Amino acid sequence: MSNLLPSASALDSGRILRDILGPMVAQGAILRRPRIGTLAERLNVDDRALRRVRRLRARYGDGPVLLRVAGRTIGLVLAPEDVRRLLAETPEPFAAAAGDKVGALTHFQPHAVLVTNSSLRAGRRELNEQALDSHRPVHRHGHRFVEVVGEELDALHATVGWDEFRAIWSRVVRRIVLGDTAGDDLEITAQLDRLRADANWAQFGPDHEVLRSRFLTNIAQYVEKAEPGSLVASLDRGQEALDPAGQVPHWLFAFDAAGIALWRLLAVIGSRPELLEPIVAEARHPETSPLLAQAGAAVQESLRLWPTTLVVLRQASEPTVWRDRVAPAGTEFAIVSSVFHRDDEALAFANDFEPAVWLDGRTDGAWPIIPFSEGPAGCPGRNVVLLTASAAVDHVAARYQLDVDPHTRRRLAGAMPGTFNHADIRIGFWRNNRMN
């Protein structure tokens, strides 16, 4: 077909793999690889990706630009309006259940809505939205979630690194998602981590059927128990054909990403005390900001600067037209989040930490800033994630003096770094009397 979208030359295809797609795969799309994250930060891979996309725009136009990778046609998205179109026109003709995503996520959530591309998808999406209260600003169990956050974060003391913080955050997640009895269930988190490590390799990763079966059985037992005040208690268990329990692994997975964003945010506000003032004021007078607006804006700013979803994928079920050019059916479109979140030619605040942009409308324009994706396949748990992470920020800001390690302070001294490896951060937590 002579009117196909432009294909990257062999040389440019190699550069795209080297500067954009390769580093994302290496860091671990499903479970982060800490050592590779350290290397990615040293090599400034996010900045390299942005520079590469600008060169591709100059050479090929607004794209998308096509390349062949492992027998698949990838459409690298270059223009902001194309991001909006792909997200708005999901799931038809652009399926969220893209091939590489399915190959990865089926390792631990084979029946989740994100990997469903059949008549069950609409039902599973509705099941998730109902359980997560997607259309309400605060989940029906929100007060309980905030209590859990406070109880667990009170365990913070002295200086901790990511592994220690993640252990505490994982207790928060298990209690919120599965119930209080899951607080000490370290095995279920270890099982999920092992399966997620396999998922990093997508369809090429080892398939641990026995481990996956044991993990999903454990999840199903918590769903059957449906402990009051937990997320699983909100699930409609009567719709067996939709596999309600099969939706839960993704909630655990997504909360882990929220913990990474929270850890980076604590490093930022610990390094820049002036950012604490509106958050502490909010914590002192929660009645003036019941939705924790200041803390929520800071959480979203952390997700903008350092997206936990490195790439958003959509797959075309039919040939699609882009500026009078055609992408063949089956094309997997890749939206690299940081390329749009950090474009300093389009955003004056691209490399600054500016929570106010989430409160004054600057993120509502045509330029795609999508920390929770958007459109019909946008994150149904956005409200739950923002509430719990915001409650954590408020709790820490109001009760602790933060002492961030010198290396991290230097990294955050000027403009916000591009790639910012969370596993290299250490923070001291010391009790104060701000709430007295």
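Above this text you will find the structure in question.
Residues numbered from 1 in each chain as written. Predicted model: local features only at pLDDT ≥ 70, side-chain atom pairs only at ≥ 80, totals over all residues. Heavy atoms only, no water.

Attention now moves to the packing of helix α7 (residues 142-153) against helix α8 (residues 162-178). Helix packing for two helices is described by the angle between their axes and how far apart those axes are. The N-to-C vectors of α7 and α8 enclose an angle of 155 degrees; their axes lie 9 Å apart at closest approach. Compared by their axis directions, α7 and α8 come out roughly antiparallel. Relative to α8, the crossing made by α7 is right-handed. Two secondary-structure elements touch here, α7 through R144, F145, V148, V149, E151, E152 and L153 and α8 through F165, I168, R171, V172, R175 and I176. When its residues are assigned to classes, the contact of α7 with α8 shows eight nonpolar, no polar and five charged. (Axes fitted to C-alpha atoms, helices over the stretch in contact; angles between N-to-C directions. Helix = DSSP H or I, 4+ residues; strand = E, 2+ residues; numbered from the N terminus. Parallel < 35°, antiparallel > 145°, perpendicular 65-115°, else oblique. Left-handed = near helix turned anticlockwise from the far one by under 90°. Contact = heavy atoms within 4.5 Å. Nonpolar A, V, L, I, M, F, W, Y, C, P; charged D, E, K, R; others polar.)

A separate point is the packing of aromatic side chains. Scanning all chains against the criterion turns up ten aromatic pairs. On the numbers, 5.4 Å between centres and 70 degrees between planes, the contact of F108 with F253 is edge-to-face. Separated by 145 residues along the polypeptide, F108 in the loop between α5 (99-105) and α6 (121-132) and F253 in helix α11 (residues 248-271) bring together distant segments of the chain. Overall, the relative accessible area of 0% leaves F108 in the buried class. Note on Y400 and F429: the rings are 5.7 Å apart at their centroids and 85 degrees apart in plane angle, and the pair reads as edge-to-face. On the criterion of sequence distance, the pair formed by Y400 in strand β9 (residues 400-404) and F429 in strand β10 (residues 426-431) is long-range, its members being 29 residues apart. (Phe/Tyr/Trp six-rings, centres within 6.5 Å; stacked < 30°, edge-to-face > 60°. Buried < 20%, exposed > 50% of the residue type's maximum accessible area, 1.4 Å probe, protein only.)

Moving on: the sheet that holds strand β2 (residues 72-76). If you walk across this open sheet you meet the five strands as β1-β2-β8-β5-β3, and the pairing is mixed. Bordering the open sheet on either side are β1 (65-69) and β3 (94-95), each of which pairs with just one other strand. Two strands pair when backbone bridges link them, and β1 and β2 are joined in this way by five bridges, in the antiparallel orientation. Bridged to V69 within β2 is R72. Running at roughly 75 degrees to β1, helix α1 (residues 10-27) makes contact with β1, β2, β5 (311-316) and β8 (332-336) of the sheet. (Pairing = 2+ DSSP bridges.)

Below, the discussion takes up helix α13 (residues 293-305). Under the 1.5 Å per step criterion, the end-to-end length of α13 is 18 Å for 13 residues, consistent within 8% with the ideal 18 Å. Buried residues dominate α13, accounting for eleven of its 13 residues. Those residues of α13 that sit buried are A295, G296, A297, A298, V299, Q300, E301, S302, L303, R304 and L305. Check the buried side of α13 and you find it contacts α11, α12 (276-284), α14 (337-341) and α15 (382-399). (Expected span 1.5 Å × (residues − 1).)

Moving on: the pairing of β5. For β5, the tally of buried residues reaches five of six residues, placing the bulk of the element in the interior. Where β3 meets β5, two bridges bridge the pair, whose relative direction is antiparallel. When the bridges of β5 are listed, A95 appears paired with Q315. Note that β5 and β8 share five bridges and pair antiparallel. Looking at β8, one finds that Q315 is bridged to E332.

What follows concerns the nonpolar core. Core analysis: the biggest nonpolar cluster contains 87 residues, and V177 and F429 have the highest contact counts within it. Examining the composition of this core, we find that 15 residues originate from one element, α11, more than from any other. Residues in contact with F429, not counting those within four places in the same chain, are L156, H157, A158, V160, W263, L266, V396, Y400, Q401 and L402. Counting residues in each nonpolar core, the second largest holds 44 residues, with A49, L56, A327 and I335 among its members. (Core = buried A, V, L, I, M, F, W, Y, C linked by side-chain atoms within 4.5 Å.)

Now for the sheet that holds β10. The strand order across the open sheet built from three strands is β4-β10-β9, with neighbouring strands paired in antiparallel fashion. At either margin of the open sheet sits one strand with a lone partner, and together these are β4 (158-161) and β9. Adjacent strand axes in the sheet meet at a mean angle of 30 degrees when their direction is disregarded. With five bridges connecting them, β9 and β10 associate as antiparallel partners. The residue bridging Y400 from the neighbouring strand is R431, located in β10. The sheet contacts of α8 involve β4 and β10, and relative to β4 the element is tilted by about 90 degrees. In the packing of α15 onto the sheet, the strands contacted are β9 and β10, and the crossing angle to β9 comes to about 95 degrees.

Along the polypeptide, K101 turns up in helix α5. There is no salt bridge for the buried K101, and the closest opposite charge comes from E332, which lies 9.1 Å off by N-O distance. (Lys, Arg positive; Asp, Glu negative; His and termini not counted. Salt bridge = Lys/Arg side-chain N within 4 Å of Asp/Glu carboxyl O.)

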